[in-house]
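What the coordinates show
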Amino acid sequence: MSRFWRQALGVAKRDLLVEGRAGEGIGIVLPVGALAIFVVPLATSGSASLLADLAAPVYWLVTLLFGMQLALRQTATETVPQRRLLVLLGLDPVARFVGRTLSASLLLLGLQLVLIPLVILFYEPEPVPAPVRILPALVLYSVGLAMLGTLAGDLTVGLRTRTALAPMLAAPLAVPLVMGASQSLISVSQGDGILTWTLLLVATDLALAVAGVVTARPLEETAT
Amino acid sequence: MTKRILPVLAGLALVAGLLVALSSPPDVLQGDFVRILYIHVANAWLAFLAFGVTAAASIGWLVTRRAGYDRVAASSAEIGVLFTAVTLFTGMIWGKPIWGTFWDWGDARMASTALMFFVYLGYLALRRATPDRVARARRSAILGVIAVVQVPLVYFSVVLWRTLHQGLTIRPDSVQMEPEMLTALLVNVGAFSVLYLALLVARVRLARLEEATEVHEEAPAGSAVTAPRLETGP
Amino acid sequence: MTEPIVELRRIGVRFGTVPVLVDVDLSIAPGEIVGIAGPNGSGKTTLLGVVATLIRPSSGTGSVLGAALGTDDVRRIRPRIGLSGHEPAVYPELSLVENLRFVARIAGVPTDAADRVLADVGLAAAADRPAGRSSHGMQRRIDLARMLMLEPDLVLLDEAHAGLDKDAEVIIDAILRRVRARGGGGLLVSHDAGRLARQVDRVLRIEAGATV
């Protein structure tokens, strides 16, 4: 295996192991996201048709906000000695970005898949014909959010206000991802094609990948 | 001399722009409300220019690490945020009588311009949150290069999505505008360009003065640590 | 290796407006171990950070393992530097052996070396214990085990003796002996001047950011 992929997969494996043991992301972010899904209907008239219409927007909002927290978590908990260690080990900064993205993408996809039955249960939206068609959009959405979270986390590492600042930086740039994913769902619900929205997601992911690769080296200096 | 001449020129140019806008003919459909567009469109273009300058200066800093590039990048971003705010505000004022609404969620250009506004607010917030000068320059340079992608997205949003906003009126191969209106628009673009330059020069000078007034301590950090004054054990 | 391991000339470091190091000269020849002693706040850790190529000097010139400070060339030599700082660089959720295996994977060293060095530093019986539930001294031994595994040409130890008992000094002795044999160098920072003097070739004193 090449040095690059050995390092990238090493970082991804470490991130997933840490998450699996600490359980903060899935143990805290997921329940709070589920709570948000539960609370919204309490703030409405409770009409079934209103809730059915709200199902998708609430789902995308929760996956955006809480998914971002999940993606940011790894850089939030990394200490200065840990970051310095990786720099001195000669970890390729692009491999680090790729590894981080891989692990965060898997966690985000997991979060999204777990929240779907909750939304169906509490909001009872219209059933979607051929729901498997939405899977590519969910994957691209997860990957895009993962890259955005990694970038935002690296831009704000070590700053006192990073908890508020990182989502502030990431959320506006996440809008093409939210649009692509949500419009894909609408198109699938209506039996329409999803090519345009898939292309938007692919283009956004590509742009974020380029940004991540190009900024990986300059951002490495912020870590030390 | 620049610091006196530019503001005066900007003032004169804005007055000229206002006069030309007021004397241009009303639009067949929009009536006199078309005059708001001369300010709206001019501010939008200058916002794009300002953020483009931010991106270019950010690249300059990343390559050379010279503080001057950072001052230009940050100053231009601040001015760009101001122009974007004016764009959004004048767009809403114009939209109410023409579209019947201050804001239409189906319009991609409005939404993408608002997003661009938030992205650069985030840029300014990142700068405020980073106390160390070099770290501030590095982080905001990186964000300045990433964020400029918003500019073509906003500009081409009317082409990519069918929206209320009118399509590209001025294209490289054709201009779909009456000559008097085009003149009014171009004069206002010129006027706001001079304003941009005047604001940029003033803001960069202010940034340089702010850095010069930072108190540079002469005594090293460790000189403040002295031996404790406590009794020792028996 | 015949060129100096470390060569610093009039190095200055400012954090914001505050000078932390002022005109520091330092050189470490191949096979030499230098000690740094000084009171709190004197700039010892910052000096270590400069030599580790992690802190860019504000003024002065220098080179570490042949790479000029403040240039991209330092990336080339960073894997040859071993640093153990105030705080151990371990992942609390991973076990002691997993921490070392992760490092081995990133560095391109066979992962079974992790088990070997864990035994060398006396932690074989605690290999599967989460690092977060291990004592500070055990975590520091992991930092040192990492150096035994990666065999750096420049060893940097901050508060070298903190958290380590006298038996564990054997580990530091072994690291220093091996780096000398390789023709490398070392820089040790410690408050314990007595223990420091025993392990290094000479001691530099630093006060208020300057060497005295």
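First things first, this report covers the structure right here in the doc. Quantities reported herein were computed from a predicted structural model and do not represent experimental measurements.

Topic: the overall build of chain A
On a plain count of helices and strands, chain A comes out with eight helices and zero strands. Ordered by position from N to C terminus, the α and β elements of chain A give α-α-α-α-α-α-α-α. Radius of gyration (C-alpha) of chain A: 18 Å, near the 17 Å computed for a compact globule of 224 residues. In terms of its C-alpha atoms, chain A occupies a principal-axis envelope of roughly 60 × 35 × 30 Å. A separation of at least 24 residues holds for 85% of the contacts in chain A among residues at least 6 apart in sequence.

Section: the interface of chain B and chain A
Between chain B and chain A, the contact holds 16 residues from the first and 16 residues from the second. When contributions to the side of chain B that touches chain A are tallied by element, the ones reaching two or more residues are α4 (108-129) and α5 (133-147) of chain B. The element contributing the most residues to the side of chain B that touches chain A is α4(B), with seven residues. Among the residues making up the side of chain B that touches chain A, the classes are represented as 12 nonpolar, two polar and two charged.

A few points about unusual backbone geometry
Residues other than glycine seldom take positive phi values, yet A130(A) does so here, at roughly 50°. Topologically, A130(A) is positioned in the loop between α5 (93-123) and α6 (135-155). Residue L65(C) is not a glycine yet carries a positive backbone phi of 50°. Overall, the presence of 22 C-beta atoms within 10 Å leaves L65(C) in the buried class.

Things to note about the interface of chain C and chain A
Each partner contributes residues to the interface: chain C has 19 residues there, and chain A has 20 residues. Those elements that place two or more of their residues in the side of chain C that touches chain A are β6 (81-84) and α3 (96-107) of chain C. No other element matches α3(C), which puts five residues into the side of chain C that touches chain A. Along the lines of polarity and charge, the residues of the side of chain C that touches chain A split into 13 nonpolar, two polar and four charged.

Observations regarding the sheet that holds strand β7 (residues 154-157) of chain C
Residue and element names in this part refer to chain C. Reading across the sheet, the six strands line up as β6-β7-β8-β3-β9-β10 and stay open at both edges, with mixed pairing between neighbours. At either margin of the open sheet sits one strand with a lone partner, and together these are β6 and β10 (210-211). In the sheet, β7 pairs with strand β8 (residues 185-189) via four bridges, with the strands oriented parallel. Of the residues in β8, the one forming a bridge with L156 is L187. Helix α1 (residues 44-51) rests against β3 (33-37), β7, β8 and β9 (202-207) of the sheet, and its axis sits at about 160° to β8. Against the sheet, helix α6 (residues 169-181) makes contact with β3, β7 and β8, and its axis sits at roughly 155° relative to β7, the strand it touches most.

Comments concerning α5(A)
Along its 31 residues, α5(A) runs 43 Å from first to last C-alpha, staying within 8% of the 45 Å computed at 1.5 Å per residue. Backbone geometry just downstream of α5(A) places E124(A) in the positive-phi region, at approximately 45°.

A short note on helix α2 (residues 34-64) of chain B
Because an α-helix packs 3.6 residues into every turn, residues spaced three or four apart end up facing the same way. Along its 31 residues, α2(B) runs 45 Å from first to last C-alpha, staying within 8% of the 45 Å computed at 1.5 Å per residue. Two residues or fewer after α2(B) comes R65(B), characterised by a positive phi angle close to 60°.

Remarks on the pairing of β9(C)
Residue and element names in this part refer to chain C. Pairing of β3 with β9 involves four bridges; the strand directions are parallel. From the neighbouring strand, G35 faces β9, where its bridge partner is V203. Two strands pair when backbone bridges link them, and β9 and β10 are joined in this way by two bridges, in the antiparallel orientation. Its bridge partner being in β10, E207 is matched across the sheet by A210.

A look at the environment of V13(C)
All names here are of chain C. In this structure, V13 sits in strand β1 (residues 6-15). Judged by local crowding, V13 falls into the buried class, with 24 C-beta atoms found within 10 Å. For V13 and S58, which are 45 residues apart along the polypeptide, the C-alpha to C-alpha distance reads 4.8 Å. Discounting residues that sit within four places of it in the chain, V13 has contacts with V20, L21, T46, V50, I55, P57 and S58.

Details of the sheet that holds strand β2 (residues 18-28) of chain C
Residue and element names in this part refer to chain C. The sheet built from four strands is open, its strands ordered β2-β1-β4-β5 with antiparallel pairing. Looking at the sheet topology across the chains shown, the edges are occupied by β2 and β5 (67-68). Two elements, β1 and strand β4 (residues 59-64), share five bridges in a ladder whose sense is antiparallel. Following the sheet pairing, G12 is matched in β4 by S59.

Overview of the nonpolar core
Within the largest apolar cluster, 102 residues are counted, with the highest numbers of intra-cluster contacts made by L145(A), L148(A), F51(B) and Y120(B). Of all the elements, α2(B) adds the most residues to this core, at 16 residues. If we skip the residues at most four places from it in the chain, L148(A) touches A170(A), L173(A), A174(A) and L208(A).

Notes on the packing of helix α3 (residues 48-77) of chain A against α6(A)
Residue and element names in this part refer to chain A. Remark: α3 packs on α6, axes separated minimally by 8 Å, with the N-to-C direction vectors making an angle of 45°. Judged by the inter-axis angle, α3 sits oblique to α6. When the axes of α3 and α6 are compared, the crossing they make is right-handed. For the pair α3 and α6, contact is made by G67, M68, A71, L72, T75 and A76 and by L145, A146, G149, T150, A152, G153 and D154, respectively. Each residue belonging to the contact of α3 with α6 can be placed in one class, and the counts come to seven nonpolar, five polar and one charged.

As for the environment of V213(A)
With respect to the helices, strands and loops of the structure, V213(A) is situated in helix α8 (residues 195-223). Dropping the residues within four chain positions of it, V213(A) is found in contact with V94(A) and F97(A).

Let's talk about the pairing of β1(C)
All names here are of chain C. One ladder, built from seven bridges, connects β1 with β2; its direction is antiparallel. If you follow L8 over to β2, its bridge partner there is L26. The antiparallel pairing of β1 with β2 creates a hairpin that spans two residues between the two strands, and G16 there sits at a positive phi of about 65°.

Thoughts on the packing of α5(A) against α6(A)
Residue and element names in this part refer to chain A. The N-to-C vectors of α5 and α6 enclose an angle of 130°; their axes lie 8 Å apart at closest approach. In terms of axis orientation, α5 runs oblique to α6. Judged by the twist between their axes, the crossing of α5 over α6 is right-handed. Along its contact with α5, which presents F97, R100, T101, A104, S105, L108, L109 and Q112, the element α6 presents L138, V139, S142, V143, L145, A146, M147, G149 and T150.

Rules used in this analysis
Residues numbered from 1 in each chain as written. Chains lettered and ligands numbered in written order. Predicted model: local features only at pLDDT ≥ 70, side-chain atom pairs only at ≥ 80, totals over all residues. Helix = DSSP H or I, 4+ residues; strand = E, 2+ residues; numbered from the N terminus. Rg over C-alpha atoms; globule rule 2.2 N^0.38 Å. Contact = placed C-beta atoms within 7 Å. Nonpolar A, V, L, I, M, F, W, Y, C, P; charged D, E, K, R; others polar. Buried ≥ 20, exposed ≤ 12 C-beta atoms within 10 Å, placed from the backbone. Pairing = 2+ DSSP bridges. Axes fitted to C-alpha atoms, helices over the stretch in contact; angles between N-to-C directions. Expected span 1.5 Å × (residues − 1). Core = buried A, V, L, I, M, F, W, Y, C linked by C-beta atoms within 7 Å. Parallel < 35°, antiparallel > 145°, perpendicular 65-115°, else oblique. Left-handed = near helix turned anticlockwise from the far one by under 90°.

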